Structures are given as structure tokens and as C-alpha cells.
Amino acid sequence: QVQFVESGGGLVQPGGSLRLSCTASGSIRSMNGMAWYRQAPGKQREWVARITGGGYTYYTDSVKGRFTISRDNAKNTVYLQMNSLKPEDTAVYYCNAYPTVTNWGQGTQVTVSS
């Protein structure tokens, strides 16, 4: 099965930006939908942004206008550009297929704090 490796997280001040990357060990083209998910301490994992094979994008309400998901099938990579970050965006971020997930990667920690 395809494995995902997420990177790009870190500590950032409120209002700052980060760009996350997720590289798959195999082709993501056949997966059609890809998504970024996050899990905050004490909360369930939730999807925050998804992109179809045709490039259509969808966002959960809390990140609309701030986050942008994109994909590069040639590089088997999915990106998440995060702007105007808020403390409530603090979480471990993962990528995976959507809606049917496969193996989860280690994720990348995003901490928004002053």
C-alpha cells in the first residue's frame, strides 16, 4: 500500500504561514481524491481540505479563505498552504486519500502560538 510522508510543520506565531507537503510512495493519480486531515489534542481527526482528481477543492468552514490545497501528480505530492494561522489550527496534520483512507503517515506537527 501507498505510504505518505508529511513535512513542513513547525512553530509559528498567530497570523503566520506554513506550507505543508505530503509525498506518497506510489502514484496518487489513481486515488482521485486526496485530503489533508488534522488531529488536535483530545479531539478526533477531521479533514480540513480535499482535492479531486479534476482539481476541484473543498474546505471545512474553519479554514476557508486561509488554506489552499493543491496536488502535483507527477511528483506524487500534495500541498497545503496555510495562511493567517490561528492558535486553534494547532494540530498534527496528515494527508491521505479521500474518502477511503489507506495507511496513515506520521503526520507533521503545526503549533500556532505567540
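No experiment lies behind these values; they were computed from the predicted model shown. Sequence order sets the numbering: in each chain, residues are counted from 1 along the sequence as written. For a predicted model such as this one, the threshold for reporting local features is a pLDDT of at least 70, and the threshold for listing and counting side-chain atom pairs is 80 or more; totals across whole chains, interfaces and linings nevertheless cover every residue. The side-chain numbers reported here are obtained from all heavy atoms of the structure, hydrogens and water having been left aside.

Okay, the environment of Glu46 next. For Glu46, the position within the fold is in strand β5 (residues 46-51). Burial status follows relative accessibility: with a 1.4 Å probe on protein chains alone, a residue under 20% of its type maximum counts as buried, one over 50% as exposed, and anything between as partly exposed. Here Glu46 falls in the partly exposed class, since its relative accessible area comes to 35%. Placed 42 residues apart in sequence, Glu46 and Glu88 show a C-alpha to C-alpha distance of 13 Å. Every residue in contact with Glu46, bar those within four places of it in the chain, is listed here: Trp36, Tyr37 and Arg38. Helix and strand definitions follow DSSP, with helices as H or I runs of at least four residues and strands as E runs of at least two, each counted in order from the N terminus. Here, residues are in contact when the closest pair of their heavy atoms is within 4.5 Å.

Each nonpolar core is a collection of buried residues, namely Ala, Val, Leu, Ile, Met, Phe, Trp, Tyr and Cys, held together in the definition by side-chain atoms within 4.5 Å. Ranked by size, the top nonpolar core spans 29 residues in total, and within it Trp36, Leu80, Met82 and Tyr93 carry the most contacts. Looking at this core, the elements that each hand over two or more residues are β3 (18-24), β4 (34-39), β5, β7 (67-72), β8 (77-82), β9 (91-97) and β10 (108-112).

Turning to the sheet that holds β4, a few remarks are in order. Any two strands with at least two DSSP-identified bridges between them are counted as paired. If you trace the 6 strands from one edge of the open sheet to the other, you get β2-β10-β9-β4-β5-β6, paired in mixed fashion. Every other strand in the sheet has two partners, leaving β2 (10-12) and β6 (57-59) as the edge strands with one partner each. Within the sheet, the average angular offset between the axes of one strand and its neighbour, ignoring direction, is 25°. In this structure, β9 lies alongside β10, joined through 3 bridges in antiparallel fashion. Bridge pairing in β10 links Ala91 to Val110. Geometry is summarised by axes, namely lines fitted to C-alpha atoms with helices restricted to the contacting stretch, and by angles between N-to-C directions that run from 0 to 180 degrees.

Turning our eyes to something else, we now look at the layout of surface pockets. A cavity, in this analysis, means grid points on a 1 Å lattice covering only the protein atoms where a 1.4 Å probe fits yet has no way out; a pocket is instead an open set bounded by protein on both sides within 12 Å along at least five of seven lines, and a residue lines either one if it has an atom within 4 Å of a point. Grid points are joined across faces, edges and corners, and a volume is the space filled by probe spheres set on the points. When its volume is computed, the largest pocket comes out at roughly 170 Å³. Residues belonging to the lining of the largest pocket are distributed by class as follows: 2 nonpolar, 4 polar and 7 charged. Throughout this entry, Asp, Glu, Lys and Arg are counted as charged residues, while Ala, Val, Leu, Ile, Met, Phe, Trp, Tyr, Cys and Pro are counted as nonpolar. The remaining residues, Gly among them, count as polar.

Okay, the packing of aromatic side chains next. Stacked, tilted and edge-to-face are the three classes assigned to paired rings of Phe, Tyr and Trp, where Trp is represented by its six-membered ring and a pair needs centres within 6.5 Å; plane angles under 30 degrees give stacked, over 60 edge-to-face, the rest tilted. Summed over the entire model, instances satisfying the criterion amount to 3 aromatic pairs. Aromatic side chains Tyr94 and Trp104 sit 5.7 Å apart centroid to centroid with 75° between the ring planes, which places their arrangement in the edge-to-face category. One end of the pair, Tyr94, is in strand β9; the other, Trp104, is in the loop between β9 and β10, with 10 residues separating them in the sequence. Under the relative-accessibility criterion, Tyr94 is labelled buried at 10%. Grouped by ring-pair contacts, the aromatic residues Tyr37, Tyr94 and Trp104 constitute a single cluster. We note Arg19 situated over the ring of Tyr79; from NZ or CZ to the ring centre the distance is 4.1 Å. Think of it as a cone above the ring: NZ of Lys or CZ of Arg counts as a charge over the ring if it is within 6 Å of the ring centre and within 35 degrees of the ring normal. One residue, Arg45, lies across the ring of Tyr94, its end atom 4.2 Å from the ring centre.

The next subject is the sheet that holds β7. Here we have 4 strands laid out as an open sheet, ordered β1-β3-β8-β7, and antiparallel in their pairing. Each of the sheet's edge strands pairs with one partner strand only, and the pair in question is β1 (4-7) and β7. Going from strand to strand, the sheet's axes swing by 15° on average, the running direction of each strand aside. Where β3 lies against β8, 6 bridges are found, and the strand directions are antiparallel. The partner of Leu18 across the bridge, within β8, is Met82.

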